[in-house]
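# Inside the fold
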Amino acid sequence: MVNKRMFDAPPTATSSALQQSPEFAATLRDIGRPPMVLDDQTLALHRRLPIGCRVAVLSRARVNINTLPGSIRRAGLHRTPLIINPEKPTPELSELGAVPLVSPASVADLNLTGDLHEQLHQKWRNRLSYAERQNLRVTRQNMPLDPKHWLFTATQAQQQTRRYKTWPVPLTLAYAQTNKGQAKLFTAFADTTPVAAVLILCHGDSATYHLGHTTARGRHHCAHNLLMWEAMVWLARKGHQRLDLGLISTEDSPGLARFKLGTGAQPRRLGGTWGWWPVLGRTLRPLAAMDTKLMAHS
């Protein structure tokens, strides 16, 4: 049973990717890195590339090619090179002269409005049932504002081993501090020892799986399944409609992909990465057309 804690704030009526949420924008403002906000509320972040060039990044953005040029111009970004990561396949970006840079990845999207238990895959459900018999204690609390918290230490070591990156710890802590009650830590204990933890970031009527770690003992007890289930049920009860479980790759990390999809989540293709320098107009359109099929939904 989950221990109830304070500050379980209800979701607001907005739905967007974490990188395009008002909560993320507020966090960036609080740490002194305010994003540009286009007139359709799309967030654009200034970045400096290793070669020294400054670009504006539109990450997980909902792109409308009919309104994007005007929005960019009114924001004063029409002379700035843009890196665009659309929320869904948008091959029509090539019509603006944008050039494909990276082919689309996929995320696992979980609908929280249906029968959560019914949509679990059978093996995932069996592991959950096993975990529920292991006498684990599960707690839920706001993420402690402690950069040395064991979850951060464990995930940083895991990132080095597996060669991937997530947010810097100070950014995660800033999100938790700026958005009170929206960074929820679920922890499983065997006796008094933490064996698994999951950090969920809430934004609008959606939520995002942000960090997670399981020890060897936690894996033996299938503790991660139990924590994910408790998080799913709590989010649904609080009115959240979807949970973004992050990127999946059946080739690079098949086990992780099976775990995420076993919750009943559906794979959803993003829009890849595009480069666009508006001052060039449609000069590069012939080059972009060569890779349009690569960036389309398959």
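Now for a quick tour of the structure. (Residues numbered from 1 in each chain as written. Predicted model: local features only at pLDDT ≥ 70, side-chain atom pairs only at ≥ 80, totals over all residues. Heavy atoms only, no water.)

### Concerning the environment of Thr273
Along the polypeptide, Thr273 turns up in strand β14 (residues 273-276). Given a relative accessible area of 17%, Thr273 falls into the buried group. Residues Thr273 and Ala98, 175 residues apart in the sequence, show an inter-C-alpha distance of 9.9 Å. A polar contact is formed between the side chain of Thr273 and the side chain of Asn85, at a distance of 2.7 Å. (Helix = DSSP H or I, 4+ residues; strand = E, 2+ residues; numbered from the N terminus. Buried < 20%, exposed > 50% of the residue type's maximum accessible area, 1.4 Å probe, protein only. Polar contact = N/O pair within 3.5 Å; in protein donor to acceptor, adjacent residues only side chain to side chain.)

### Quick notes on the pattern of salt bridges
Counted according to the given criterion, the structure contains seven salt bridges. A salt bridge links Asp39 to Arg74; its shortest N-O distance comes to 2.5 Å. With a gap of 35 residues between them, Asp39 in the loop between β2 (36-37) and β3 (43-48) and Arg74 in helix α2 (residues 68-74) connect regions that are remote in the sequence. One salt bridge connects Glu87 with Arg60, and the closest N-O pair in it is separated by 2.4 Å. In this pair, Glu87 is assigned in the loop between β5 (82-86) and β6 (99-102) and Arg60 in strand β4 (residues 54-61), connecting sequence segments 27 residues apart. (Salt bridge = Lys/Arg side-chain N within 4 Å of Asp/Glu carboxyl O.)

### Observations regarding the packing of helix α1 (residues 22-30) against helix α5 (residues 169-178)
Close contact between α1 and α5 brings their axes to 9 Å; oriented N to C, the two are set at 110°. Regarding the angle of α1 to α5, the classification is roughly perpendicular. Taken together, the residues of α5 that come into contact with α1 (itself represented by Glu23, Phe24, Ala26, Thr27, Leu28 and Asp30) are Leu171, Ala174, Tyr175 and Thr178. Among the residues forming the contact of α1 with α5, the class breakdown is six nonpolar, two polar and two charged. (Axes fitted to C-alpha atoms, helices over the stretch in contact; angles between N-to-C directions. Parallel < 35°, antiparallel > 145°, perpendicular 65-115°, else oblique. Contact = heavy atoms within 4.5 Å. Nonpolar A, V, L, I, M, F, W, Y, C, P; charged D, E, K, R; others polar.)

### Structural notes on the packing of helix α3 (residues 122-132) against helix α7 (residues 223-237)
Running from N to C, α3 and α7 cross one another at 100°; their axes reach a closest spacing of 8 Å. Taken together, the axes of α3 and α7 are roughly perpendicular relative to one another. Each of Trp124, Arg127, Leu128, Ala131 and Glu132 in α3 lies in contact with α7, whose residues at this interface are Asn225, Leu226, Met228 and Trp229. A class-by-class count of the residues in the contact of α3 with α7 yields six nonpolar, one polar and two charged.

### Things to note about the side chain of Thr172
Following the sequence through the fold, Thr172 ends up in helix α5. Here Thr172 falls in the buried class, since its relative accessible area comes to 2%. Once residues lying within four places of it in the same chain are set aside, the contact partners of Thr172 are Phe152, Trp167, Leu199 and His210.

### With respect to the pairing of β4
The element β4 is largely enclosed, with a buried count of six among its eight residues. Relative to β4, β3 runs antiparallel, the two being bridged by four bridges. Considered in β4, the bridge of His46 is made with Ala56. Linking two consecutive strands that pair antiparallel, namely β3 and β4, is a turn of five residues; a positive phi of about 100° is found at Gly52 within it. (Pairing = 2+ DSSP bridges.)

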